[in-house]
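Residues per chain are reported as follows:
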Amino acid sequence: MIIDGKQAAADLRKILTIEVAQLKKDKGVVPGLTVVLVGEDPASEVYVRNKVKQTREVGMISNEIKLPNDTSEAQLLAVLQQLNNDDAVHGILVQLPLPKHIDESVIIAAITPNKDVDGFHAMNSGRLLNGEPGALVPCTPQGCIMLTKKHLGEDLSGLHAVVIGRSNIVGKPVALLLLQENCTVTIAHSRTKNLAEVCQQADILIAAVGRAHFVQASWIKPGATIIDVGINRIEDENGKAKLVGDVDFANVAAVCGAITPVPGGVGPMTIACLLKNTVAAARLNG
Ligand SMILES: Nc1nc2c(c(=O)[nH]1)N[C@@H](CN(C=O)c1ccc(C(=O)N[C@@H](CCC(=O)O)C(=O)O)cc1)CN2
């Protein structure tokens, strides 16, 4: 079975459209998201454009602030301070990656935690770690859990989940969310010994390594649910650019129970969950 992330994202946006209208009617609040893009990375420009478009489509306000590549860290911090103080802005997102001369951790720390719709601020990671209800949870990990439940249903208790990758943005938060779902969780990474054998134990396998076709069919427990977070641009046999995940899709699909495709899997859920977090932030701040 192929888990359709495009459809799941469209379903979530439909629910959010209703919630946004309700929030406006009951509280007079229209959630507002501002996305900040520094530089001209072509992929980032596409993602930001899609974020702004989809935010508006569900009835929210969205603004984009585009800054030149040579923007200094101090200038970016000044922009964030203005947004932190603007009551019409409920959610702030700084598109990553930032140019090399800007320290991402300084920028993330400068966003007011209740407006941090990416869920990357230490306050939100701490809330997630402690299982506190007010946490804004990173979007890609939220999307991974929703897609897993699309196939396995709401109860993931007792299942063994293996996460390959330990980044602050995907690996660590998705492992915490799986733990909240009562899974037994293993976090594997580049230093893990016997990675194939570790993966063979997985009822749920989350691949977030950033290496094209890294996960092999021989690593998969028959019937397992595979969530592919990778977005790798490679050349096909004709030299044409194409997008592939971290999983060797064609061969793994023959062994597993369900798998997310790339494109059309986790990626669309990342943006839909950003809209969900913006509604949550408007409720926190509005
Ligand atoms: N501040 C952030 N920066 C980045 C994040 C993030 O969550 N917050 N994640 C990624 C990029 N990203 C969102 O920003 C993102 C990546 C991919 C997709 C997506 O829908 N991909 C499509 C394919 C699109 C294509 O053809 O290129 C898919 O997988 O179907 C959405 C959002 C890094 N930066």
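Residues numbered from 1 in each chain as written. Predicted model: local features only at pLDDT ≥ 70, side-chain atom pairs only at ≥ 80, totals over all residues.

1. Let's talk about the pairing of strand 7 (residues 225–228)
Test applied: Partly exposed residues are those whose C-beta has more than 12 but fewer than 20 other C-beta atoms within 10 Å; 20 or more makes a residue buried and 12 or fewer makes it exposed, with C-beta atoms placed from the backbone. The helix and strand labels rest on DSSP assignments: H or I over at least four residues marks a helix, E over at least two residues marks a strand, and numbering proceeds from the N terminus. Strand pairing follows a simple DSSP-based rule, namely that at least 2 bridges must link the two strands.
Burial along strand 7 is two-sided: the face carrying T225 and I227 and the face carrying I226 and D228 are both buried. Two elements, strand 6 (residues 204–207) and strand 7, share four bridges in a ladder whose sense is parallel. Of the residues in strand 7, the one forming a bridge with L205 is I226. Here strand 7 runs beside strand 10 (residues 258–259); their pairing, made up of two bridges, is parallel. In the sheet register, T225 faces strand 10, and the bridge partner there is A258.

2. Structural notes on the confidence of the model for the protein
Rules: The pLDDT value tells you how sure the predictor is about a given residue, anywhere from 0 up to 100.
Scored by pLDDT, the protein comes out at a mean of 97, with 100% of its residues at no less than 70. Scoring the predicted complex yields pTM 0.96 and, for the interface, ipTM 0.97.

3. Notes on the nonpolar core
Selection rule: By definition, a nonpolar core groups buried Ala, Val, Leu, Ile, Met, Phe, Trp, Tyr and Cys residues that connect through C-beta atoms lying within 7 Å of each other. Note that the domain bounds were set by an automatic or database domain assignment. Residues are defined as contacting one another if the C-beta atoms placed from their backbone atoms lie within 7 Å.
A161, V163, L205, I206, A207 and I226 are the most contacted members of the largest nonpolar core, which has 81 residues in total. No other element matches helix 10 (residues 266–285), which puts eleven residues into this core. Both domain 1 (27–113) and domain 2 (139–267) contribute no fewer than three residues apiece to this core. For A161, the residues in contact, after removing those within four places along its chain, are L178, C183, V185, A202, D203, I204 and I206.

4. Quick notes on the environment of P222
Counting through the fold element by element, P222 comes out in the loop between strand 6 and strand 7. The class for P222 is exposed, based on 9 C-beta atoms found within 10 Å.

5. Points about the UniProt feature "domain: Tetrahydrofolate dehydrogenase/cyclohydrolase NAD(P)-binding" (unreviewed entry) in the protein
In plain terms, the rule: UniProt positions are given in the numbering used here, feature names are shortened, and annotations may be inferred rather than shown by experiment.
Mapped onto this numbering, the UniProt entry annotates "domain: Tetrahydrofolate dehydrogenase/cyclohydrolase NAD(P)-binding" (unreviewed entry) at residues 138–283. Between the C-alpha atoms that bound residues 138–283 the distance is 17 Å, and the span itself is 36% helix and 19% strand.

6. Re the pairing of strand 3 (residues 91–94)
For a regular strand, side chains alternate in direction, first toward one face of the sheet and then toward the other. On strand 3, burial covers both faces: G91 and L93 on one face and I92 and V94 on the other are all buried. Note: strand 1 (residues 32–38) against strand 3, four bridges, orientation parallel. Looking across to strand 3, one finds that T34 is bridged to I92.

7. Section: the sheet that holds strand 10
Worth spelling out the cut-off: Between N-to-C directions, angles cover 0 to 180 degrees, with each direction set by a line fitted to C-alpha atoms, over the stretch in contact for helices.
Pairing in this open sheet of five strands is parallel, and the strands run 5-4-6-7-10 from one edge to the other. Each edge of the open sheet carries a strand with a single partner, namely strand 5 (184–188) and strand 10. Of the pairings in the sheet, the one linking strand 4 (residues 160–164) to strand 6 comprises four bridges and is parallel in character. Note on strand 6: the bridge partner recorded for V163 is I206. The strands that helix 6 (residues 139–152) touches are strand 6, strand 7 and strand 10; relative to strand 7, the one it contacts most, it runs at about 155 degrees.

8. Some details on the sheet that holds strand 2 (residues 61–67)
One open sheet accounts for three strands, arranged 2-1-3; its pairing is parallel. What marks the edges here is a single partner per strand, and that holds for strand 2 and strand 3. Strand-to-strand twist in this sheet, taken as the mean axis angle between neighbours without regard to direction, amounts to 15 degrees. Across the sheet, helix 2 (residues 42–57) touches strand 1 and strand 2, and the angle it forms with strand 1 is around 170 degrees. This element, helix 3 (residues 73–84), spans strand 1, strand 2 and strand 3 of the sheet and lies at about 175 degrees to strand 1.

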